[in-house]
Amino acid sequence: MDSSWYYFRYCSPNYTEGPFDPAAVANWMPVAQYVGGVEHAILHLLYSRFFTKVLQDIGLVKFSEPFGSLMNQGQVINQGKAMSKSLGNGVDLGKQIDTYGVDAIRTTVVFAGPPEDDIDWADMSPGSSLKFLQRAYRLATDVASEVGADSAAGELSLRRATHKAIAEVTETIEGRRFNVSVARMMELVNATRKTIDTGAGAADPAVREAAEALAIMLSTVAPYVAEEMWELLGHAPSVANATWPVADPALLVADEVTCVVQVQGKVRAKLAVSPSISEDELKALALADPGVVRALDGREVRQLIIRAPKLVSIVPA
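Please read all numbers here as calculations on a predicted model, not as lab measurements. Sequence order as written defines the numbering, with residues in each chain counted from 1. Reporting in this predicted model follows two pLDDT cut-offs: at least 70 for local features of residues, and 80 or more for side-chain atom pairs to be given and counted; totals over whole chains, interfaces and linings ignore these cut-offs and use all residues. Working from all heavy atoms in the structure, the side-chain values ignore hydrogens and water.

(A) Broad picture of the packing of aromatic side chains. Only centres within 6.5 Å qualify two rings of Phe, Tyr or Trp (six-membered ring in Trp) as a pair; their planes then separate them into stacked at under 30 degrees, edge-to-face at over 60, and tilted for everything else. A complete count under the given rule lists two aromatic pairs for this structure. Judged by centre distance (4.6 Å) and plane angle (55°), the ring pair of Tyr34 and Phe67 falls under tilted. You can see Tyr34 sitting in strand E1 (residues 34–36) and its partner Phe67 sitting in the loop between helix H3 (44–57) and strand E2 (70–72), a full 33 residues away along the chain. Their ring planes at 70° and their centres at 5.5 Å tell us that Phe50 and Phe51 sit as a pair that is edge-to-face. Here Phe50 and Phe51 have matching classes, each one exposed. Put simply, DSSP marks the helices as runs of H or I at least four residues long and the strands as runs of E at least two long, and each gets a number from the N terminus on. Exposure categories follow from relative accessible area, calculated using a 1.4 Å probe and restricted to protein chains: below 20% of the type maximum is buried, above 50% is exposed, and the middle band is partly exposed.

Spelled out as structure tokens, the structure:
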């Protein structure tokens, strides 16, 4: 068979039937994100780039690189060294999963640090991850409001915590800072538990809003627990089909911030103030605070530095 005929029959850009379908390739390629070990840089990446450039040269694809972005994930080591039979420092993943569950193991790995860093399994605590997931699960069992309850009528402080978590988890996932995402979910679990136990109670619609948002966000690292939470909250499977929550910008604006007041470099007061407080108002509050008055002990103020709304620094004469 003449090679030019083969090219015309199977490799022409206008050919859409047969072993190479340019439309299918255009639908799937280039890959947005490649994740792999650093050793792949001279294997998969090299070969795939070579073939992609050949295909571009003969007109079958319109892109020159197969992957838009590369991330080399770190390695799980143990006791400071790579796991090996000769060192006897291997970890039986099956036993770990049997003991803690796959969601807890996955959460442990994700929470350990940035994905590109190595982690030492000897320093990990899958038991702590399991406790976190159990606490998150219990929130779903405690929710007492009906599906579709108006969250706008819920406790404002928890709603602020929920929407702050949504905004930060969304941002950190997009930035591949998955460990920070898990930390923000943990904070939301704590805030929701506090509202249930010592605040508005389990029937408050804000509790449902928090639990539902948590289930969706948690599905990125603990899909099995999240799926059970989603069902407990009265929703049909699967949480994977749920719409990602969107933070309300109005709930991301803080009602108050903490202003630190220093006298000669030492903290003498912490004031809860409005983010929009004026310098004159802040100065008056700072100088009237009992702790500041005691620290000045009748001395005049030689210098006063105001960085509203978070800092007032006072230097006495």
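(B) Region of the structure containing the layout of surface pockets. The distinction between a cavity and a pocket rests on a 1 Å grid over the protein atoms alone: a 1.4 Å probe fits inside a cavity but cannot get out, while a pocket stays open yet meets protein on both sides within 12 Å along at least five of seven lines, and a residue with an atom within 4 Å of a point counts as lining. Grid points are joined across faces, edges and corners, and a volume is the space filled by probe spheres set on the points. As a volume, the largest pocket reaches approximately 250 Å³. Think of it as three bins: nonpolar holds Ala, Val, Leu, Ile, Met, Phe, Trp, Tyr, Cys and Pro, charged holds Asp, Glu, Lys and Arg, and polar takes everything else, Gly as well. Tallied by class, the residues present in the lining of the largest pocket amount to eight nonpolar, four polar and one charged. Within this model, the second largest pocket holds a volume of roughly 180 Å³. Around the second largest pocket, the lining is made up of 14 residues, and of these Arg208, Glu209, Glu212, Ala213 and Pro245 lie nearest the centre. When residues of the lining of the second largest pocket are traced back to their parent elements, those giving at least two are helix H7 (156–174) and helix H9 (205–218). Ranked by residue count, the leading element in the lining of the second largest pocket is H9, at six residues.

(C) Representation of the side chain of Asp289 in the model. Here Asp289 is to be found in the loop between helix H11 (279–288) and helix H12 (290–296). For the buried Asp289, no salt bridge exists, and the shortest N-O distance to an oppositely charged side chain is 6.2 Å, to Arg294. For Asp289, the side chain forms a polar contact with the main-chain nitrogen of Gly291, separated by 2.9 Å. By definition in these notes, contact holds between two residues if any of their heavy atoms fall within 4.5 Å. Not counting the four nearest positions on each side in its chain, Asp289 is found in contact with Arg268, Ala269 and Leu271. The charged-residue count follows a simple rule in which Lys and Arg add positive charge and Asp and Glu add negative charge, with His and chain termini not counted at all. Each salt bridge in this description consists of a side-chain nitrogen of Lys or Arg and a carboxyl oxygen of Asp or Glu lying within 4 Å of one another. Side-chain atoms alone can form a polar contact between residues adjacent in sequence; in general such a contact is a pair of N or O atoms within 3.5 Å, and within protein one must be able to donate a hydrogen while the other accepts it.

(D) Local environment of unusual backbone geometry. Cis geometry marks the peptide bond from Met29 to Pro30; its omega dihedral reads -5°. By the element assignment, Pro30 lies in the loop between helix H2 (22–28) and E1. A cis amide bond links Pro237 to the next residue, Ser238, at an omega of 5°. Along the chain, Ser238 falls in the loop between helix H10 (223–232) and strand E5 (257–263). Phi at Asp297 is positive, roughly 50°, even though this residue is not glycine. Along the chain, Asp297 falls in the loop between H12 and strand E7 (301–307).

(E) View of the pattern of salt bridges. In total, this model carries nine salt bridges according to the counting rule given. Two residues, Arg106 and Asp103, come together in a salt bridge whose shortest N-O distance is 2.9 Å. Placement of both Arg106 and Asp103 in helix H5 (residues 102–111) is noted, with a separation of three residues, approximately one turn of the helix. When salt bridges with common partners are traced through the structure, they connect Arg49, Lys53 and Glu65 into a single cluster.

(F) Inspection of the packing of H5 against helix H8 (residues 178–198) at higher detail. Interaxial distance between H5 and H8 falls to 7 Å at its minimum, and their mutual angle equals 115°. Between H5 and H8, the residues in contact are Thr107, Val110 and Phe111 and Phe178, Asn179, Val182, Ala183 and Met186, respectively. Looking at the contact of H5 with H8 residue by residue, the classes come out as six nonpolar, two polar and no charged. Note on definitions: angles span 0 to 180 degrees between N-to-C directions of axes, and those axes are lines fitted to C-alpha atoms, for helices only across the stretch in contact.

(G) A nonpolar patch on the surface, seen in detail. A patch is a set of surface residues, each over 30% in relative accessible area and not in a salt bridge, joined within 9 Å for like charges and within 5 Å for the nonpolar side chains Val, Leu, Ile, Met, Phe, Trp and Tyr. Method for areas: the Shrake-Rupley scheme with a 1.4 Å probe, in which residue coverage is limited to the protein chains shown. There is a patch of nonpolar side chains on the surface, built from Ile42, Leu43, Leu46, Tyr47, Phe50, Phe51 and Val54 and spanning about 730 Å² of accessible area. Turning to its location among the elements, Val54 is positioned in helix H3.

(H) Fine view of the nonpolar core. If you look at the biggest cluster of nonpolar residues, it comprises 37 residues, and the most contacted ones within it are Phe132, Leu133, Met185, Leu214, Met217, Leu218 and Met229. Going through the elements one at a time, H5, helix H6 (126–142), H7, H8, H9 and H10 are the ones with two or more residues in this core. With ten residues, the single largest contributor to this core is H9. What Leu218 contacts, discounting residues up to four positions off in sequence, is Phe132, Leu133, Ala136, Met185, Pro223, Val225, Ala226 and Met229. Among buried residues, those of type Ala, Val, Leu, Ile, Met, Phe, Trp, Tyr and Cys that are joined through side-chain atoms within 4.5 Å constitute a nonpolar core. Ranked by size, the runner-up nonpolar core spans 16 residues in total, among them Ala286, Val292, Leu296 and Ile314.

(I) Expanded view of the packing of H7 against H8. At a closest axis distance of 8 Å, the pairing of H7 and H8 adopts a crossing angle of 170°. With respect to H8, the axis of H7 lies roughly antiparallel. Residues Leu158, Ala161, Thr162, Ala165, Glu168, Val169, Thr172 and Ile173 of H7 form the contact with H8, whose participating residues are Phe178, Val180, Ser181, Arg184, Met185, Leu188, Ala191, Thr192 and Thr195. Looking at the contact of H7 with H8, its residues break down into ten nonpolar, five polar and two charged. Angle categories are assigned with fixed cut-offs, so that under 35 degrees is roughly parallel, over 145 is roughly antiparallel, 65 to 115 is roughly perpendicular, and the rest are oblique.

Coordinates in, geometry out; function isn't part of it.
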